[in-house]
Amino acid sequence: QVQLVESGGNLVQPGGSLRLSCAASGMTFSMYSMSWYRQAPGKQRERVATISSTSSGTFINYVDSVKGRFTISRDNAKNTVYLQMNSLKPEDTAVYYCNAREGFAPYTTYWGQGAQVTVSS
């Protein structure tokens, strides 16, 4: 079965950096669009970044609040997606979830268990 396992969450000071990793198994990784979502206490889950590999190339997009600070990448040989987070702010504090979405019907979606990121001095 498909499994997504996040790692790299931690407590970091404002202005610091973290890199989250999500290791996937039980799937043909290259055929999935991979995303990072986050959910802060009392708020709705929001999509942070998405990376898709297609025959036309690699497509990436970010929520406006992280543009220029976060970078999503993937290593299809390692079945892993990353989220490099720089210049972290207290408002980035949240549980970060890895998401995989099939690139073909029925576009099944899978979730990881989440990784806590806390930005605080």
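What you see is a predicted model; the values in this text were computed from it and never measured.

Cut-offs applied
Residues numbered from 1 in each chain as written. Predicted model: local features only at pLDDT ≥ 70, side-chain atom pairs only at ≥ 80, totals over all residues. Heavy atoms only, no water. Disulfide = S-S within 2.5 Å. Helix = DSSP H or I, 4+ residues; strand = E, 2+ residues; numbered from the N terminus. Buried < 20%, exposed > 50% of the residue type's maximum accessible area, 1.4 Å probe, protein only. Pairing = 2+ DSSP bridges. Axes fitted to C-alpha atoms, helices over the stretch in contact; angles between N-to-C directions. Core = buried A, V, L, I, M, F, W, Y, C linked by side-chain atoms within 4.5 Å. Phe/Tyr/Trp six-rings, centres within 6.5 Å; stacked < 30°, edge-to-face > 60°. Lys NZ or Arg CZ within 6 Å of the ring centre and 35° of its normal.

J.: Where do I start with the state of the cysteines in this structure?
T.: Here a disulfide denotes one covalent bond, and it connects the sulfur atoms of two cysteines. If you walk through the whole model with that rule in mind, you get one disulfide. The residue that forms a disulfide with C22 is C98, at a sulfur-sulfur distance of 2.1 Å. Taking the torsion about the S-S bond as the criterion, the C22 to C98 disulfide, at about -80°, is left-handed. Residue C22 is located in strand β3 (residues 18-25), and its partner C98 is located in strand β9 (residues 94-102); the two are separated by 76 residues in the primary sequence. We note that C22, like C98, is buried.

J.: Would you mind showing me how to read the sheet that holds β3 here?
T.: Across a sheet, strands are paired by hydrogen bonds formed along the backbone, either parallel or antiparallel in direction. Here four strands make up an open sheet; going across it, the order is β1-β3-β8-β7 and the pairing antiparallel. Each of the sheet's edge strands pairs with one partner strand only, and the pair in question is β1 (3-7) and β7 (70-75). Averaged over all adjacent pairs, the angle separating strand axes in this sheet is 15°, with direction ignored. Pairing of β3 with strand β8 (residues 80-85) involves six bridges; the strand directions are antiparallel. Of the residues in β8, the one forming a bridge with L20 is L83.

J.: I'm lost on the nonpolar core in this one. Help?
T.: Looking at soluble globular proteins, one finds that nonpolar side chains tend to be buried together. M27, M34, W36, V81, L83, M85 and Y96 are the most contacted members of the largest nonpolar core, which has 30 residues in total. Where this core is concerned, the elements lending two or more residues are β3, β4 (32-39), β5 (46-54), β7, β8, β9 and β11 (115-119).

J.: Help me out: how do you make sense of the packing of aromatic side chains in this one?
T.: Note on aromatic pairs: each is described by the distance of the centres and the angle between the planes. Under the defined criterion, the tally for this structure stands at three aromatic pairs. Seen from their ring centres, Y97 and W111 are 6.4 Å apart, and the 85° between their planes marks the pair as edge-to-face. With Y97 in strand β9 and W111 in strand β10 (residues 109-111), the pair connects residues that are 14 residues apart, well separated along the chain. Chaining the aromatic ring pairs together yields one cluster made of Y37, Y97 and W111. Above the face of the Y97 ring, R45 is positioned so that its terminal group lies 3.8 Å from the ring centre.

J.: Even after reading the chapter, I still don't get unusual backbone geometry, so can you show me in this structure?
T.: Most peptide bonds adopt trans geometry, and most residues besides glycine take a negative phi value. That bond from A105 to P106 is cis: its omega, 5°, falls within 30 degrees of zero. Among the secondary structure elements, P106 is positioned in the loop between β9 and β10. Located in the positive-phi region is S87, a residue other than glycine, with phi close to 50°. Within the secondary structure layout, S87 lies in the loop between β8 and β9. Here the phi dihedral of Y107 falls at roughly 55°; this positive angle occurs in a residue that is not glycine. Mapping Y107 onto the fold places it in the loop between β9 and β10.

J.: What is the right way to look at the environment of F104 in this model?
T.: By the secondary structure assignment, F104 is in the loop between β9 and β10. You can call F104 partly exposed: its relative accessible area is 33%.

J.: Would you take a moment to explain the pairing of β3 for this structure?
T.: Note on strand geometry: in a regular strand, side chains alternate between the two faces of the sheet. Across five bridges, β1 lies against β3 in antiparallel orientation. Along β3, the bridge assignment pairs L4 with A24.

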